[in-house]
Each structure stands twice: as structure tokens, then as C-alpha cells.
Amino acid sequence: MRFSLAALLLASALLQPLPAGASLPFYNPDLGYTIWLPGEWAEARPALLRRYAALRDGVGRDGGWTAGYALDRSGETCLLVSAVPGRVVSRADMANFNQFIIRGIQRAERAGCRRLREASFLPEKPMLRLVMDLDPARTSVVHLVYTRTGMLKFTGVARRGDADGVLAIDRAVASLYLDQGLVR
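Keep in mind that this is a model prediction, so the values were computed, not measured.

Rules behind the numbers
Position numbers for residues count from 1 along each chain, tracking the sequence in the order it is written. With the structure being a predicted model, the display of local features is reserved for residues of pLDDT at least 70 and the display and counting of side-chain atom pairs for 80 or more, all residues being used for whole-chain, interface and lining totals. In computing side-chain values, all of the structure's heavy atoms are included and hydrogens and water are not. Counting from the N terminus, the helices are DSSP H or I runs at least four residues long and the strands are E runs at least two residues long. For every residue, the accessible area (1.4 Å probe, protein chains only) is compared with the maximum for its type, and the residue is labelled buried under 20%, exposed over 50%, or partly exposed between those bounds. Only heavy atoms enter the contact rule, under which two residues are in contact if any of them lie within 4.5 Å. The protein chains shown are the only cover counted for residues, whose accessible areas, like all others here, come from Shrake-Rupley with a 1.4 Å probe. Two strands qualify as a pair provided DSSP detects at least 2 bridges between them. Each axis is a line fitted through C-alpha atoms, taken for helices only over the stretch in contact, and angles between the N-to-C directions span 0 to 180 degrees. Take the number of residues in a helix, subtract one, and multiply by 1.5 Å to get its expected span. Of all possible arcs, the one meant is that of the directions from the helix axis to the C-beta atoms. Basic side-chain nitrogens of Lys or Arg form a salt bridge, by our definition, when they fall within 4 Å of a carboxyl oxygen of Asp or Glu. Only buried residues count toward a nonpolar core. Its members are Ala, Val, Leu, Ile, Met, Phe, Trp, Tyr and Cys residues joined through side-chain atoms within 4.5 Å.

Draft legend 1. Quick peek at the overall build of the chain. For the chain, the count of helices and strands is four helices and 10 strands. Secondary structure elements of the chain, listed N to C terminal, follow the sequence α-β-β-β-α-β-β-α-β-β-β-β-α-β. When the 184 residues of the chain are sorted by exposure, 44% land in the buried category. The long-range share in the chain, meaning contacts at least 24 apart out of those at least 6 apart in sequence, stands at 55%. Accessible area of the chain: about 10,100 Å², with a carbon and sulfur share of 58%.

What follows is the structure, encoded as C-alpha cells:
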């Protein structure tokens, strides 16, 4: 009787639908990360990655997205992922690379390419976070994550003024688990 009751409870727990806010893991073995996304997110189709292939976010190599996630069917709010060539091994290297990136974006800003609204370094991650206006309609939130084996770039795109979309992108990146860990 005890086994039947336990089996019934286990079966009912497994068959219950996940709550709308439940997170699901998306594992990318090629880049070595797992990201936990709420149920409204979906893995991006190749067409979405091609749509944003020409996106210039000013960090490392542009485009070349190897993975992505969409918050809505239109793909207006999405998170694109790529590896950035190179490797940093110390905090001083990170600081130098961060300054290099910010200076490059500021030069592009003077040429009218994009506008840097915010730049911050999160040392506990370690991660560089940039918020830019790409054009009159779109905002980009770039997270450059320094891992032990290289750098990963997570570029979020949202409609300009979409605070909920930017927050969803930040929360998604905050859920990252890296196979190789972070630079310490």
C-alpha cells in the first residue's frame, strides 16, 4: 500500500504541467553553457539567426551567432550568442579589453553608428554589460562573459524603450551556468 501511494504521488507530480514562470534549461555543448529560461522563451530558429547576421553590436566579432533564444514569436526581443576570439587570464587583461571595447564603441558613436547608454563591469561574474541604442527602433544589451577558456558574447535585442524586454534579457543571462567556469 505504501508503495502504491508513493507511486501515485510521484506520477501525479510528474504529470502536472509546469507553471508558466518555470525555467527550462537549454544546454549548448559547443559553447559550454547552460542557460535557464522561463517558459515564454524558445530556442531561436536558424531564420532568426540569419535575420540578425548583420547586427553590429561593437563587441568583438560582429554577427556569427551560433545560438539564440527568442522571447516572442516576432523575434523582436531575443538573445543571440557567439564566442569572441581570444582569451583573458587576469583582471588587468579584462580591464584593458573592456576599455578597448568601450573606446571602440565611442568612436563608432561619433560616426553615428550607435549610442552607448550604459557600461558596467560586474566583477563577481566577471562580465561586461553594455546598453546601446542600435537605431531609432532597437536597443541592444550586450553581456561579455569571461570564462576560463575564452569569452562568450550574449547580445540581447529589444524594442527601444522596452524595459521589460531588457529585464528579461538580463535575467536570462544571470541564469548562466558555464561548463568551464569563470575567470577568477
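Draft legend 2. Focus on the pairing of strand S6 (residues 115-122). In this structure, S6 lies alongside strand S7 (residues 127-133), joined through seven bridges in antiparallel fashion. Along S7, the bridge assignment pairs Phe121 with Leu128. Between S6 and S7, which pair antiparallel and follow one another directly, the connecting turn spans four residues.

Draft legend 3. Region of interest: the sheet that holds S6. The strand order S3-S4-S5-S9-S8-S7-S6 describes an open sheet built from seven strands, whose pairing is antiparallel. Two strands bound the open sheet, and with one partner strand each, they are strand S3 (42-43) and S6. As paired elements, S7 and strand S8 (residues 138-146) share seven bridges and run antiparallel to each other. Considered in S8, the bridge of Met127 is made with Val145. In the packing of helix H3 (residues 91-110) onto the sheet, the strands contacted are S6, S7, S8 and strand S9 (151-159), and the crossing angle to S6 comes to about 175 degrees.

Draft legend 4. Summary view of H3. When the terminal C-alpha atoms of H3 are compared, their 29 Å separation across 20 residues agrees well with the 28 Å that a helix rising 1.5 Å per residue should span. For H3, the set of buried residues is Met94, Phe97, Asn98, Ile101, Ile105 and Ala108. All buried residues of H3 fall inside an arc of 105 degrees around its axis, so they share one side. For H3, the elements touching its buried residues are S6, S7, S8 and S9. Count one or two residues on from H3 and you reach Gly112, which has phi positive near 85 degrees.

Draft legend 5. Here's a closer look at the sheet that holds strand S10 (residues 177-178). Taken in spatial order, the three strands make up an open sheet running S1-S2-S10, and their pairing is antiparallel. Looking along the sheet, the strands with just one partner apiece sit at the ends: strand S1 (23-28) and S10. By the bridge criterion, six bridges tie S1 to strand S2 (residues 33-38) in an arrangement that is antiparallel. Considered in S2, the bridge of Ser23 is made with Pro38.

Draft legend 6. Geometry of the pattern of salt bridges. Under the defined criterion, the tally for this structure stands at 10 salt bridges. Its salt-bridge partner being Glu118, residue Arg129 comes within 2.7 Å of it at the nearest N-O pair. One end of the pair, Arg129, is in strand S7; the other, Glu118, is in strand S6, and 11 residues separate them in sequence. Of the charged contacts, one joins Arg160 and Asp133 as a salt bridge, the two residues approaching to 3.1 Å between their closest N and O atoms. Of the two residues, Arg160 sits in the loop between S9 and helix H4 (163-174) while Asp133 sits in strand S7, which places them 27 residues apart along the sequence.

Draft legend 7. Region of interest: the nonpolar core. Judged by nonpolar contacts, the single largest core of 25 residues is most densely connected at Tyr33, Ile35, Trp41, Tyr69, Leu79 and Phe154. The element best represented in this core is H4, accounting for five residues. Not counting the four nearest positions on each side in its chain, Leu79 is found in contact with Ile35, Trp41, Ala67, Gly68, Tyr69, Phe154, Thr155, Gly156, Ile169, Ala172 and Val173. Counting residues in hydrophobic clusters, the runner-up holds 16 residues, among them Val59, Val84, Leu128 and Met132.

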